[in-house]
Amino acid sequence: MQALSQRFVLTLACANRAGIVAAVAGHLSEAGLNILDAQQYDDTQTDRFFMRVVFNPVEGEGDLEALKEGFKPLAERLRMTWTLRDTSVPRKVMLLVSRFDHCLADLLYRWRIGELAFDPVGVIANHPAGTYSHVDLGDIPFHHLPVTKETKMEQEARVWELIRDSQADLVVLARYMQVLSDGLAAKLTGRCINIHHSFLPGFKGAKPYHQAHARGVKLIGATAHYVTSDLDEGPIIAQDVEPITHRDTPDDLVRKGRDIERRVLARAVRHHLEDRILLNGAKTVVFAD
């Protein structure tokens, strides 16, 4: 009888060559594992191969560490970069926020109704708790870490301590309006997601939606990406857009922008939690469901 409730997800990347799919499928079959879903992509420009496989044991219970040990010889032979995870163990997530809390509230709502499966290990904010009085934080630890130009490095060191001590697997900048240092960005490579507005042309500085309105933009959007030392230029995970007309006021643009930011960030976080994203240099491979 199959252990239908137990699922594992394997992701891998390696140089492309003939027989990778057959080798992976053959190994899982010989190990008494049943493939539930498999997706693959061959990047012909870089000659790199990417794969995501969801499987479960045909009988009994699977042991994660034993499965990892069993897969190592194949991974070493094909020089794979790979991960193997038990999907029943939720990822630990640290949420960072500034004054605008719409993304924070949305992620916590999706977590509470079971749409996003994660373990919120804390909220770090550079504004006091009263700023989020209408957001139900429940028992989630809240850390108020104000920051100034003079205290930025000290504050960021404390941010890193909280991330490290909580053993957070993922950090989400839910409209956290502070630029991470190169050092912290490097420590969080591939596990820190940011959301920001997107316009053509681009508008930097204060009140970007008001700037966009003044220029008569006809399309606004949002981009979720992994954080790197290059500001807002990390590997892109998800994007979306919303049409704008001459009838829209600056407040309309802000309102529509909040909606786009919420749904794009939630989509990116879900893809990460479900191991659907593989880094491909400065890009990503996203095996969407």
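Structure: above.
Residues numbered from 1 in each chain as written. Predicted model: local features only at pLDDT ≥ 70, side-chain atom pairs only at ≥ 80, totals over all residues. Heavy atoms only, no water.

Novice: Sorry if this is basic, but what is going on with the sheet that holds strand β3 (residues 48-57) here?
Specialist: Sheets are built from strands paired through backbone hydrogen bonds, the pairs being either parallel or antiparallel. With respect to topology, 4 strands assemble into an open sheet ordered β2-β3-β1-β4, the strand pairing being antiparallel. Single-partner strands in this sheet number two, and they are β2 (33-43) and β4 (81-86). Neighbour-to-neighbour, the strand axes of the sheet open up by a mean angle of 10 degrees, direction not taken into account. Strands β1 (8-15), β2, β3 and β4 of the sheet are contacted by helix α2 (residues 64-77), whose axis makes an angle of about 160 degrees with β4. (Pairing = 2+ DSSP bridges. Helix = DSSP H or I, 4+ residues; strand = E, 2+ residues; numbered from the N terminus. Axes fitted to C-alpha atoms, helices over the stretch in contact; angles between N-to-C directions. Contact = heavy atoms within 4.5 Å.)

Novice: Can you walk me through the packing of aromatic side chains in this structure?
Specialist: Any two aromatic rings considered together are summarised by their centre-to-centre distance and by the angle between their planes. Applying the stated rule across the entire model yields 7 aromatic pairs. Note on Y132 and F142: the rings are 5.8 Å apart at their centroids and 55 degrees apart in plane angle, and the pair reads as tilted. Residue Y132 is located in the loop between β6 (118-125) and β7 (142-144), and its partner F142 is located in strand β7; the two are separated by 10 residues in the primary sequence. Classification of Y132 by relative accessible area gives buried; the value is 2%. Overall, F142 belongs to the partly exposed group, its relative accessible area being 25%. (Phe/Tyr/Trp six-rings, centres within 6.5 Å; stacked < 30°, edge-to-face > 60°. Buried < 20%, exposed > 50% of the residue type's maximum accessible area, 1.4 Å probe, protein only.)

Novice: Honestly, unusual backbone geometry in this entry has me stumped. Any pointers?
Specialist: Working note: non-glycine residues mostly have negative phi, and peptide bonds are mostly trans. Its identity is not glycine, yet D47 carries a phi of approximately 60 degrees, on the positive side. Its place among the elements puts D47 in the loop between β2 and β3. A positive phi angle is found at D275, which is not glycine, with a value near 55 degrees. Checked against the element boundaries, D275 lands in the loop between α7 (250-273) and β12 (277-280).

Novice: Sorry, what's going on with the pattern of salt bridges here?
Specialist: When the charged atoms of two side chains lie near each other, side chains of opposite charge can form a pair. Taken as a whole, this structure holds 19 salt bridges when the rule is applied. A salt bridge links R110 to E115, with the nearest nitrogen and oxygen atoms 2.5 Å apart. Here E115 falls in the partly exposed class, since its relative accessible area comes to 39%. A salt bridge links E274 to R276; its shortest N-O distance comes to 2.7 Å. We classify E274 as partly exposed; its relative accessible area is 27%. Look at R276 and you get buried, because its relative accessible area is 10%. What you see here is one network of salt bridges that share partners, running through D240, E242, R263 and R267. (Salt bridge = Lys/Arg side-chain N within 4 Å of Asp/Glu carboxyl O.)

Novice: Help me out: how do you make sense of the packing of helix α1 (residues 20-30) against α2 in this one?
Specialist: Packing of α1 against α2 brings their axes to within 11 Å, and their N-to-C directions diverge by 165 degrees. With respect to α2, the element α1 is oriented roughly antiparallel. Of the two elements, α1 crosses α2, and the hand of that crossing is right-handed. Contacts between α1 and α2 involve A23, V24 and H27 from the former and G70, F71, L74 and R77 from the latter. Partitioning the contact of α1 with α2 into residue classes produces 4 nonpolar, 2 polar and 1 charged. (Parallel < 35°, antiparallel > 145°, perpendicular 65-115°, else oblique. Left-handed = near helix turned anticlockwise from the far one by under 90°. Nonpolar A, V, L, I, M, F, W, Y, C, P; charged D, E, K, R; others polar.)

Novice: Mind showing me how you'd approach helix α4 (residues 152-165) here?
Specialist: In an α-helix, one turn spans 3.6 residues, which is why side chains three or four residues apart end up on the same side. With 14 residues, α4 extends 20 Å from end C-alpha to end C-alpha; this agrees with the ideal 20 Å at 1.5 Å per step. When we look at burial in α4, the residues that qualify are Q155, E156, V159, W160, L162 and I163. Looking straight down α4, one finds that the buried residues subtend no more than 160 degrees of arc, so they occupy a single side. Along α4, exposed side chains directed more than 90 degrees from the buried face belong to M153, E154 and D165. Packing partners of the buried residues in α4 comprise β5 (91-97), β6, β7, β8 (170-173) and α5 (182-187). After α4 finishes, the residue Q167 shows a positive phi value of roughly 55 degrees. (Expected span 1.5 Å × (residues − 1). Arc of directions from axis to C-beta.)

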